[in-house]
Amino acid sequence: MTDVKLTETILRDGHQSLLATRMETDEMLPVLEEMDKLGYHSMEVWGGATFDSCIRYLNEDPWERLRKFKQKAKNTPLQMLLRGQNILGYKHYPDDVLEKFVEKSIKNGIDIIRIFDALNDVRNLKRAIEFTNKYGGHAQGTIVYTTSPLHDIEHYIETAKEVERMGADSLCLKDMAGLLAPFEAYNLIKKLKEEINIPIQLHAHNTTGMAAMTYLKAIEAGVDVIDTALSALGSGSSQPSTEPFIYVLQNSQYDTGIDFDKANEINEHFRAIRDSKKEFLGSFGVDPRVLKSQIPGGMLSNLRSQLKDQNMFDKYDEVLKEVPKVRAEMGYPPLVTPTSQIIGIQAVFNVATGDRYSVVSKEIKNYIKGQYGTPPGPIDEDLKEQILKGESVIEGRYADQLEPALDKYREEIKEYMQQEEDVLTYALFPSVAEKFFEKRIS
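Not measured: the values here are computed from a predicted model.

> Explain helix α17 (residues 381-388) to me, using residue names and the numbers behind them.
All of the buried residues in α17 are L383, I387 and L388. Seen end-on, α17 carries its buried residues on one side only, within an arc spanning 110 degrees. Among the exposed residues of α17, those oriented more than 90 degrees off its buried face are E381, D382 and E385. Its buried side turned inward, α17 meets α14 (316-329) and α16 (362-369). The opening residue of α17 is D380, an N-cap whose side-chain oxygen sits 3.1 Å from the backbone nitrogen of D382. Within two residues after α17, K389 carries a phi angle of roughly 50 degrees, on the positive side.

> Account for the sheet that holds strand β2 (residues 42-47), with residues named and values stated.
Strands sit in the order β1-β2-β3-β4-β5-β6-β7-β8 around a closed barrel of eight strands; the barrel is parallel. For this sheet the average axis-to-axis angle between neighbouring strands, irrespective of direction, equals 30 degrees. Pairing analysis gives four bridges linking strand β4 (residues 112-115) to strand β5 (residues 138-144), with the strands arranged parallel. Following the sheet pairing, R114 is matched in β5 by Q140.

> A description of α16 should follow, citing residues and the corresponding values.
Because each turn of an α-helix spans 3.6 residues, side chains separated by three or four positions in sequence point in the same direction. Buried within α16 we find I364, N366, Y367, I368 and K369. Lining the buried residues of α16 we find α15 (339-353) and α17. Positioned one or two residues after α16, G370 has a phi angle of 100 degrees, which is positive.

> Before we move on, could you go through the packing of α14 against α15 and cite the residues and values that matter?
Running from N to C, α14 and α15 cross one another at 120 degrees; their axes reach a closest spacing of 8 Å. By the angle class used here, α14 and α15 are oblique. Judged by the sense of rotation from one axis to the other, the crossing of α14 with α15 is right-handed. Contacts from E318, V319, E322, V323, V326 and R327 in α14 reach I343, Q346, A347, V348, N350 and V351 in α15. Among the residues forming the contact of α14 with α15, the class breakdown is seven nonpolar, two polar and three charged.

> Give a description of unusual backbone geometry that names residues and reports values.
What you tend to see is this: most non-glycine residues have negative phi, and most peptide bonds are trans. Omega for the bond connecting T337 with P338 falls within 30 degrees of zero, at 5 degrees, which places this linkage in the cis form. Mapped onto the secondary structure, P338 falls in the loop between α14 and α15. Residue Y357 is not a glycine yet carries a positive backbone phi of 65 degrees. Mapping Y357 onto the fold places it in the loop between α15 and α16.

> Please give an account of the pairing of strand β7 (residues 200-204) that cites residues and values.
Taken across its five residues, β7 has five buried, putting it largely inside the fold. Side chains I200, L202 and A204 of β7 all project onto a buried face; the interleaved residues Q201 and H203 project onto the opposite face, where all are buried too. Pairing analysis gives five bridges linking strand β6 (residues 170-175) to β7, with the strands arranged parallel. Residue C172 lies in a different strand from β7, and its bridge partner there is Q201.

> Kindly report on the pattern of salt bridges, identifying the contributing residues and their values.
Taken as a whole, this structure holds 42 salt bridges when the rule is applied. The partner of E60 in a salt bridge is R65, and the shortest N-O contact between them spans 3.2 Å. Like E60, the residue R65 is buried in the burial classification. A salt bridge links R410 to E420; the nearest nitrogen and oxygen atoms lie 3.6 Å apart. Linking R410 in helix α18 (residues 406-413) with E420 in the loop between α18 and α19 (421-428), this pair joins segments that are ten residues apart in sequence. When its relative accessible area of 32% is taken as the criterion, E420 is described as partly exposed. Bridged by salt links that share partners, the residues K100, E103, K104, D407, R410, E420 and E421 form one connected network.

> An account of the environment of Y254 is requested, with residue identities and associated values reported.
Its location among the elements puts Y254 in the loop between α10 (242-249) and α11 (260-275). With a relative accessible area of 14%, Y254 lands in the buried category.

> Before we move on, could you go through the environment of R22 and cite the residues and values that matter?
With respect to the secondary-structure elements, R22 resides in the loop between α1 (10-18) and α2 (25-36). By relative accessible area, which is 15% here, R22 ends up buried. Separated by 259 residues in the primary sequence, R22 and L281 place their C-alpha atoms 9.6 Å from one another. In this structure, R22 is in contact with H15, E27, S53, Y57, L58, K277 and F280, ignoring residues within four places of it in sequence. One polar contact links the side chain of R22 to the main-chain carbonyl oxygen of A20, over a distance of 2.9 Å.

The rules behind each value
Residues numbered from 1 in each chain as written. Predicted model: local features only at pLDDT ≥ 70, side-chain atom pairs only at ≥ 80, totals over all residues. Heavy atoms only, no water. Buried < 20%, exposed > 50% of the residue type's maximum accessible area, 1.4 Å probe, protein only. Helix = DSSP H or I, 4+ residues; strand = E, 2+ residues; numbered from the N terminus. Arc of directions from axis to C-beta. Contact = heavy atoms within 4.5 Å. Polar contact = N/O pair within 3.5 Å; in protein donor to acceptor, adjacent residues only side chain to side chain. Pairing = 2+ DSSP bridges. Axes fitted to C-alpha atoms, helices over the stretch in contact; angles between N-to-C directions. Parallel < 35°, antiparallel > 145°, perpendicular 65-115°, else oblique. Left-handed = near helix turned anticlockwise from the far one by under 90°. Nonpolar A, V, L, I, M, F, W, Y, C, P; charged D, E, K, R; others polar. Salt bridge = Lys/Arg side-chain N within 4 Å of Asp/Glu carboxyl O.

Here's what the structure looks like:
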């Protein structure tokens, strides 16, 4: 058995999970060179909500952030999270936009692209994997982990084999709500190691309090890499903390080779940043109710703020109970962006009106039509009929029906263009990008 490698997530998922994605580039840069020397497998620095947050809240160019990170981190591969055909947005984009985004991400400094689809519909991973291979990046195909009557070990094994066949260089098991129990992880990873030949990485959130135990059992089963976040922004709804894993695995056959004292020192830097942004700080606590509701940490905080805004916070527990019902009716999708938002908003509508599905979001209708892919299980037939009112369901891969759009976006944004990457920023977040560009030239 060889050593276990760590991917450090504090620069992306750590602050996305616990600090509302509010760390600024200049706050992270001072310790990047030190982090680069620690010996991480990779550092997750980009993707997820960081792109949106840069232009929406921080008045920063996300592409410039990536270039600055690459200048400082010469040895450690930089990693990003990509939502498959959704890229970093909330809808499917045509292949020309996806290809250009992958090309530019790699050109600006990304080495590893972790590619997932919210429904585990592998058709929505295919092109992103192909484009990552084409431009010389490492394509990490991803299985989103959830539990339901349909999601058993066989389902995950078959999906993993398909991802490997598509040309993925490694496989990530992504447990966004902390639902993967330790012994289940052992059995699943043991079986995956027998069935596929690419390295396996495990990503989990500690929302339910199980993730550190799950990681240990996964390590015993032969997992190659685990995702951890330095403790200033580790645990709670983030990943398990980095330093305890360095310490626990020291002098064992799984030794990470990372210097515990140096990691501690770097963590002090992030602790000071965290303490200066207390108004954004999320919960480090554990919520076992998530084991039933399956609502991941980011979705929980969104639900809370939505309900407060609508003076409905007294209905919080009712909404938590409604989410699993809507999920079952919608064919048991894993709850991860964007399905978590789609199911969550519909649950809020159902509780607010007191008359389930009397108000239907545009997104739930598009979901039922197949614009996000094929759900794991069948959608409730009566609901489908009620909501679609005779409209047909999309057959095949939705992105195949989308016209190329890059030239159209380029034309719309030409007065603001300072770099080719601006087209992609605009394609993903048109109204936010436009405001950002206006500020940039003023």
